[in-house]
Amino acid sequence: RAGRSGHQPGKVSRIHFVPTHSLEIMEGAALREAINRGIVEERIPFVRSFDVLIQYLMTLAVGEGFRADEVYREITTTFCYSSVTPEEFEWVLNFIVSGGNTLHAYDEYHKVVVTNGMFKVENRGIALRHRLSIGTIVSDLMLKVKYMSGKNIGSIEESFIARLRPGDVFWLGGKNLELVQIQQLDVLVRKASTTTGLTPSWGGGRMPLSTQMSAMLRYKLDTNRESPEKEMQILQPLFERQAENSMVPHENQLLIEKIKSKEGCHVFIYPFEGRYVHEGMGALLAYRLGHFKKMSFSIAMNDYGFELLSDQDIPIEDAVDSDIFTTDHLIDDIRKSINDTEMARRKFSDIAKIAGLVFQGYPGRAVKERHLQSSSQLFFDVFHEHEPNNLLLKQAYEEVYDFQLEQTRMRTAMERINRQEIVIMYPEKYTPFSFPILVDRMREKYSNETLEERIGKMKLQFDE
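Reading the values: the criteria
Residues numbered from 1 in each chain as written. Predicted model: local features only at pLDDT ≥ 70, side-chain atom pairs only at ≥ 80, totals over all residues. Heavy atoms only, no water. Helix = DSSP H or I, 4+ residues; strand = E, 2+ residues; numbered from the N terminus. Buried < 20%, exposed > 50% of the residue type's maximum accessible area, 1.4 Å probe, protein only. Contact = heavy atoms within 4.5 Å. Areas by Shrake-Rupley, 256 points an atom, 1.4 Å probe, with all protein chains shown as cover. Pairing = 2+ DSSP bridges. Axes fitted to C-alpha atoms, helices over the stretch in contact; angles between N-to-C directions. Salt bridge = Lys/Arg side-chain N within 4 Å of Asp/Glu carboxyl O. Parallel < 35°, antiparallel > 145°, perpendicular 65-115°, else oblique. Nonpolar A, V, L, I, M, F, W, Y, C, P; charged D, E, K, R; others polar. Expected span 1.5 Å × (residues − 1). Phe/Tyr/Trp six-rings, centres within 6.5 Å; stacked < 30°, edge-to-face > 60°. Core = buried A, V, L, I, M, F, W, Y, C linked by side-chain atoms within 4.5 Å. Left-handed = near helix turned anticlockwise from the far one by under 90°. Patch = residues over 30% accessible without salt bridge, like charges linked within 9 Å, V, L, I, M, F, W, Y side chains within 5 Å.

Enquirer: How should the overall build of the chain be read in this particular structure?
Expert: Helix and strand content of the chain: 19 helices and 15 strands. Counting every position in the chain, which comprises 464 residues, the buried fraction comes to 47%. The long-range fraction of contacts in the chain, counting pairs at least 24 apart against all pairs at least 6 apart in sequence, stands at 67%. A total of about 25,100 Å² of accessible surface is found on the chain, and carbon and sulfur atoms cover 51% of it.

Listed below in structure tokens is the structure:
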């Protein structure tokens, strides 16, 4: 966690590194290695972000107004909008003036008036709603956590608190709190009598590894025995245990572990490419394995690898021999292997907010996130059925493939795997590399046992 530490000329940034499991300690050494080498993580630029373009044009229209030809010449000088065609720009103009081909019957979406070639907002209510909605940082709705007496404790994401019922206990600010009720944007709590509780999950905690960080991790793994770094020395017992039960892969190797358990057949694959790439790669391999025989899979992943679980034997040996990691027909197979429509639907929620399709509320009267979500999904369904060429709809799909599935990075990873030696191991029990993936999957399952109790049972099996 660096935050804004040292954000002044001449100041030193101090980073607090907090691993969530043992293997993550290696990331500290990888980060230091990258800093010493002067490596800077690449940033994939957003292009053709029509939601931001719509917001920009509305901002101009709320001010002094704008002329279409002047603005078109301006935006096409930028990297993001250099490829926008006159026809696409005309679609955007039509969208802010009349709501486009789908929403033209609703006066609410007739936002901009054209007078003598000048585009301008004349309705004061529309101007106010736009000013209150300006911004492109979209995050989960934050709720205030307060004692029944009214004393403020802190804030928490609605997506976490919405899963809880009155009487459930969670931690916040070092305090163990019992949920009493939710009133609009306030979470009312009392001090809990128990010493256990849920730890809030935050969206920012799911940021995946970058390409550069993944490369540094594979390097550290390859040179773990020679490394004098404290982090790598601490992890030597873990690496020894991994080597004893399976193997520690070198940079030129891809490790696959096949394990049988009471749950079924587990196949763990460790590309060390980050959660998003593994999410797409897991779905892709599950789809391709279906060509060998009909079977169902559960898929779990973390930043280091992913698991395919089935109640049948998974023919991973035949799949590897048949070049399952090929990049041939990659895009077509990705589309067949995932529910890209549902993923685009979730992405469209952010786009709808930025483009002003849904209004997030006035100060003190914010619209609940679930209502915003329902509204944006309704727009998505309408556009999907009646206007498939809607540019905001297309943007949602493009951002899913470019940023969530990272299709370009997935192709690069699979090209690297095709140059590596693929090693399949058959451990008799779960390995240190597989354990964090199993725990991540357990978090999503309902049980009347605590996560600690379930991990304890796994540890007994692990030590036998």
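Enquirer: Sorry if this is basic, but what is going on with the sheet that holds strand S11 (residues 298–301) here?
Expert: Strand pairing in a sheet relies on backbone hydrogen bonds. The paired strands run either parallel or antiparallel. One open sheet holds the 5 strands; their spatial order is S11-S12-S10-S9-S15, and the pairing between them is mixed. Either end of the sheet is taken by a strand with one partner, and the two such strands are S11 and strand S15 (421–425). Averaged over all pairs of adjacent strands, the angle between strand axes in this sheet comes to 15°, irrespective of strand direction. Bridge count between strand S10 (residues 264–270) and strand S12 (residues 306–310): 5 bridges; the pairing is antiparallel. In the strand pairing of S12, Cys-265 is matched with Ser-310.

Enquirer: Would you mind going over the pattern of salt bridges with me for this structure?
Expert: Side-chain pairing between opposite charges can occur once the charged atoms of the two side chains come close. Counted under the stated rule, the structure contains 19 salt bridges. When the shortest N-O distance is used, the salt bridge between Lys-220 and Glu-33 registers 3.0 Å. In this pair, Lys-220 sits in helix H8 (residues 211–222) while Glu-33 sits in helix H1 (residues 25–36), placing the two residues 187 residues apart along the sequence. With respect to class, Lys-220 is no different from Glu-33; both count as buried. One continuous salt-bridge network, built from bridges that share partners, spans Arg-32, Glu-33, Arg-37, Lys-220, Glu-229 and Glu-231.

Enquirer: What is the right way to read the environment of Val-112 from this model?
Expert: Locating Val-112 in the fold gives a position in the loop between helix H5 (100–103) and strand S2 (113–115). The class for Val-112 is buried, based on a relative accessible area of 3%. Dropping the residues within four chain positions of it, Val-112 is found in contact with Met-58, Ala-61, Ile-96, Val-97, Phe-119, Lys-120 and Val-121.

Enquirer: Just to check I follow, could you spell out the packing of helix H2 (residues 50–62) against helix H16 (residues 391–404) for this structure?
Expert: Closest axis-to-axis distance for the H2/H16 pair is 9 Å, and the angle between their directions is 135°. One way to sum up the angle between H2 and H16 is to call them oblique. From H2, Phe-50, Asp-51 and Ile-54 reach across to H16, where they touch Leu-391, Leu-392 and Gln-395. Taken together, the residues that form the contact of H2 with H16 break down as 4 nonpolar, 1 polar and 1 charged.

Enquirer: Can you help me understand helix H11 (residues 275–289) in this one?
Expert: The α-helix winds at 3.6 residues per turn, so residues separated by three or four positions along the chain end up facing the same way. Over its 15 residues, H11 runs 21 Å from end to end, which matches the ideal 21 Å to within 8%, given 1.5 Å per residue. Taking burial as the measure, the 15 residues of H11 include 12 buried ones, the bulk of the element. Along H11, the residues that are buried comprise Arg-275, Val-277, His-278, Gly-280, Met-281, Gly-282, Ala-283, Leu-284, Leu-285, Ala-286, Arg-288 and Leu-289.

Enquirer: What is the right way to look at the packing of aromatic side chains in this model?
Expert: Aromatic ring pairs are reported here in terms of the distance separating the ring centres and the angle at which the planes meet. For the structure shown, the criterion picks out 12 aromatic pairs. When the centroid spacing of 5.0 Å and the interplanar angle of 10° are considered together, the rings of Phe-66 and Phe-119 count as stacked. One end of the pair, Phe-66, is in strand S1 (residues 66–67); the other, Phe-119, is in strand S3 (residues 118–120), with 53 residues separating them in the sequence. When its relative accessible area of 4% is taken as the criterion, Phe-66 is described as buried. Through successive ring pairs, a cluster of aromatic residues spans Tyr-109, Phe-348, Phe-379, Phe-380, Phe-383 and Tyr-397.

Enquirer: Sorry, what's going on with the pairing of strand S9 (residues 253–261) here?
Expert: For a regular strand, side chains alternate in direction, first toward one face of the sheet and then toward the other. Burial of S9 is extensive: 7 of the 9 residues sit out of reach of the surface. With 7 bridges connecting them, S9 and S10 associate as antiparallel partners. Paired with Leu-255 across the bridge in S10 is Tyr-270. With antiparallel pairing between neighbouring strands as the criterion, S9 and S10 make up a hairpin whose turn holds 2 residues.

Enquirer: Explanation requested: the nonpolar core in the structure shown.
Expert: Taken as a class, soluble globular proteins show a tendency for nonpolar side chains to be buried jointly. Ranked by size, the top nonpolar core spans 75 residues in total, and within it Leu-57, Met-281, Phe-325, Phe-348, Leu-357 and Leu-392 carry the most contacts. Setting aside chain neighbours within four positions, we find Leu-392 in contact with Phe-50, Asp-51, Ile-54, Trp-91, Phe-95, Phe-348, Ile-351, Ala-355 and Leu-357. Residues Met-232, Leu-255, Val-423 and Tyr-430 belong to the second largest nonpolar core, which totals 29 residues.

Enquirer: Teacher, can you tell me more about the sheet that holds S1 here?
Expert: Sheet architecture is open: 3 strands sit in the order S1-S3-S2, paired in antiparallel fashion. Where the open sheet ends on each side, the last strands, each with one partner, are S1 and S2.

Enquirer: Looking at this structure, I do not really get the packing of H2 against helix H6 (residues 124–133). What am I missing?
Expert: The axes of two packed helices give the description: the angle between them and the distance between them. In contact at an axis separation of 10 Å, H2 and H6 are set at 130° when each is read in the N-to-C sense. Comparing their axes, H6 and H2 come out oblique. Of the two elements, H2 crosses H6, and the hand of that crossing is left-handed. Here Gln-55, Met-58, Thr-59 and Val-62 of H2 lie close against H6, whose contacting residues are Ile-126, Ala-127, His-130, Arg-131 and Ser-133.

Enquirer: Any chance you could explain unusual backbone geometry here in plain terms?
Expert: For residues that are not glycine, phi is negative in most cases, and the peptide bond is trans in most cases. At Arg-48, a residue that is not glycine, the phi angle is positive and equals roughly 55°. By the element assignment, Arg-48 lies in the loop between H1 and H2. The phi torsion at Asn-116 lies on the positive side, around 55°, for a residue other than glycine. Note that Asn-116 resides in the loop between S2 and S3.

Enquirer: Before we go on, may I ask you to explain a nonpolar patch on the surface in this structure?
Expert: Together, Ile-15, Leu-31 and Ile-35 give the surface a local cluster of nonpolar side chains, amounting to about 260 Å² of exposed area. On the secondary structure map, Leu-31 appears in helix H1.

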